[in-house]
Amino acid sequence: MTSATLYATIGPAGAGKTTWRRRHAPTGAVVVSLDENRAALSPCGCSANQAVNAVAVERGIATTRSVLAAGGTVVWDVTSYLRRFRERLIGLASEYRARTVGLVILPPLPTVLARNARRDNTRCRVCGYARRVPEQTVRAMHDAITAALPHLHTEGWHDLRFLGQSAPSPLR
Ligand SMILES: Nc1ncnc2c1ncn2[C@@H]1O[C@H](COP(=O)(O)OP(=O)(O)OP(=O)(O)O)[C@@H](O)[C@H]1O
Ligand SMILES: [Mg+2]
Ligand SMILES: [Zn+2]
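Only a predicted model underlies this, so the values are computations on that prediction, with no experimental measurement involved. All residue numbers here refer to positions counted from 1 along the written sequence of the relevant chain. For this description, chains carry letters from A and ligands carry numbers from 1, given in the order in which they are written. Totals for whole chains, interfaces and linings use all residues, but because this is a predicted model, local features are given only for residues with pLDDT of at least 70 and pairs of side-chain atoms are given and counted only at 80 or more. Heavy atoms from the whole structure form the basis of all side-chain values; hydrogens and water molecules are not counted.

J.: Sorry if this is basic, but what is going on with the packing of helix 5 (residues 109-117) against helix 6 (residues 135-148) here?
T.: In helix packing, the relevant descriptors are the interaxial angle and the interaxial distance, both defined with respect to the helix axes. Across the interface, helix 5 lies against helix 6 with an axial gap of 10 Å and an inter-helix angle of 145 degrees. Here helix 5 runs over helix 6; the crossing is right-handed. For the pair formed by helix 5 and helix 6, the contact residues are Leu109, Val112, Leu113 and Asn116 on the first element and Glu135, Val138, Arg139 and His142 on the second. Taken together, the residues of the contact of helix 5 with helix 6 break down into four nonpolar, two polar and two charged. Fitting a line to C-alpha atoms yields each axis, with helices limited to the stretch in contact; the angle taken between N-to-C directions then spans 0 to 180 degrees. A helix here means a DSSP run of H or I that spans at least four residues, while a strand means a run of E at least two residues long, and both kinds are numbered starting from the N terminus. We call a crossing left-handed when the near helix sits turned anticlockwise from the far one by less than a right angle, and right-handed when that turn is clockwise. Throughout, a residue-residue contact means that at least one pair of heavy atoms, one from each residue, lies within 4.5 Å. The nonpolar class holds Ala, Val, Leu, Ile, Met, Phe, Trp, Tyr, Cys and Pro. Asp, Glu, Lys and Arg form the charged class, and all remaining residues, Gly among them, are polar.

Listed below in structure tokens is the structure:
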């Protein structure tokens, strides 16, 4: 028996994932933030630099392996809008017999678009990315997660929680 646990947020850019985990990540949990990893790996320091995304993910996976092997808790602060990405996290956790908790953060699309629109749209001269995500990308992420909602319970999560929505949680 192990207490190793992997939490992963599931929500589009601007949904409030980072805000949530800063307030509510369990005490002692190690946070894997792709934004922070990308910033650390980018010559320009940009968290939005997608050119270093694959390496940022690999770094997060390495961190996760060491935390779960020691029976700890890891919180992935990621959009997880693609099924294959969610499956990768669930598969990784299963190698350590870790519990998996999906945290769905899906405010209405207009709310998410408005939050994203408040972000700086200046493109970095080095990597070419801005902190604001293109609106079409936010819409695509929101659509993909909305379409996945009825199937999330079949993906293998031990627990799914629906956060920050006005509708009553289906788990209650
Ligand atoms: N519950 C909330 N109520 C009001 N505003 C919020 C709430 N949660 C987040 N915000 C605001 O929305 C914006 C986006 O939040 P946040 O940075 O946490 O999103 P994110 O999901 O981490 O986005 P990304 O995937 O791009 O990193 C921020 O300006 C934040 O202050
Ligand atoms: Mg964030
Ligand atoms: Zn940059």
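Now that the structure has been shown, we can carry on.
J.: Whenever I open this one, the pattern of salt bridges confuses me. Can you help?
T.: Close approach of charged atoms lets side chains of opposite charge pair. Only one rule defines a salt bridge in this text: a Lys or Arg side-chain nitrogen within 4 Å of an Asp or Glu carboxyl oxygen. All chains considered together, the criterion is met by 10 salt bridges. A salt bridge links Arg38 to Asp35, with the nearest nitrogen and oxygen atoms 2.8 Å apart. Of this pair, Arg38 and Asp35 both sit in helix 2 (residues 34-41), separated by three residues, roughly a single helical turn. Only protein chains enter the area calculation, which uses a 1.4 Å probe; residues under 20% of their type maximum are buried, those over 50% are exposed, and those in between are partly exposed. For Arg38, a relative accessible area of 9% translates into the label buried. The shortest N-O distance in the salt bridge between Glu135 and Arg139 comes to 3.1 Å. With Glu135 and Arg139 both in helix 6 and four residues apart, the pair spans about one turn of that helix.

J.: Would you take a moment to explain the nonpolar core for this structure?
T.: As a rule of thumb, nonpolar side chains are buried together in soluble globular proteins. Of all hydrophobic cores here, the largest spans 27 residues; its most connected members are Leu6, Leu68, Val74 and Trp76. Listing elements by their share of this core, those giving two or more residues are strand 1 (5-10), helix 3 (53-69), strand 3 (73-77), helix 4 (83-95) and helix 6. Once you skip the residues sitting within four places of it in the chain, Leu6 turns out to touch Thr64, Leu68, Val74, Trp76, Leu89, Ala93, Arg99, Thr100 and Val101. We call a set of buried Ala, Val, Leu, Ile, Met, Phe, Trp, Tyr and Cys residues a nonpolar core when their side-chain atoms join them within 4.5 Å. The next biggest cluster of nonpolar side chains, apart from the first, holds nine residues, and it includes Ala29, Val101, Leu103 and Leu163.

J.: Explanation requested: the environment of Glu58 in the structure shown.
T.: Within the secondary structure layout, Glu58 lies in helix 3. Sequence spacing of Glu58 and Asn37 is 21 residues, and the spatial spacing of their C-alpha atoms is 9.7 Å.

J.: Which parts of the structure should I look at to understand the layout of surface pockets?
T.: Rolled over the atoms, a probe with the dimensions of a water molecule shows which regions are left empty. Each cavity reported here is a set of points on a 1 Å grid over the protein atoms alone in which a 1.4 Å probe fits but cannot get out, each pocket an open set with protein on both sides within 12 Å along at least five of seven lines, and each lining residue one with an atom within 4 Å of a point. Grid points are joined across faces, edges and corners, and a volume is the space filled by probe spheres set on the points. If you add up the space inside the largest pocket, you get close to 1,200 Å³. For the largest pocket, the lining is made up of 46 residues, of which Arg38, Gln50, Thr79, Val133 and Met141 are closest to its centre. For the lining of the largest pocket, the secondary structure elements donating two or more residues are helix 1 (17-24), helix 2, helix 3, helix 4, helix 5 and helix 6. Per-element accounting of the lining of the largest pocket gives the leading share, five residues, to helix 1. The class makeup of the residues in the lining of the largest pocket is 17 nonpolar, 14 polar and 15 charged. Of the voids in this model, the second largest pocket is the one considered here, and its volume is about 190 Å³. What lines the second largest pocket is Ala15, Gly16, Thr19, Trp20, Arg23, His24, Ile105, Pro107, Arg115, Leu163 and Gly164. Sort the elements by how many residues they give to the lining of the second largest pocket and helix 1 lands first, with four residues. A breakdown of the residues in the lining of the second largest pocket according to their chemical character gives five nonpolar, four polar and two charged.

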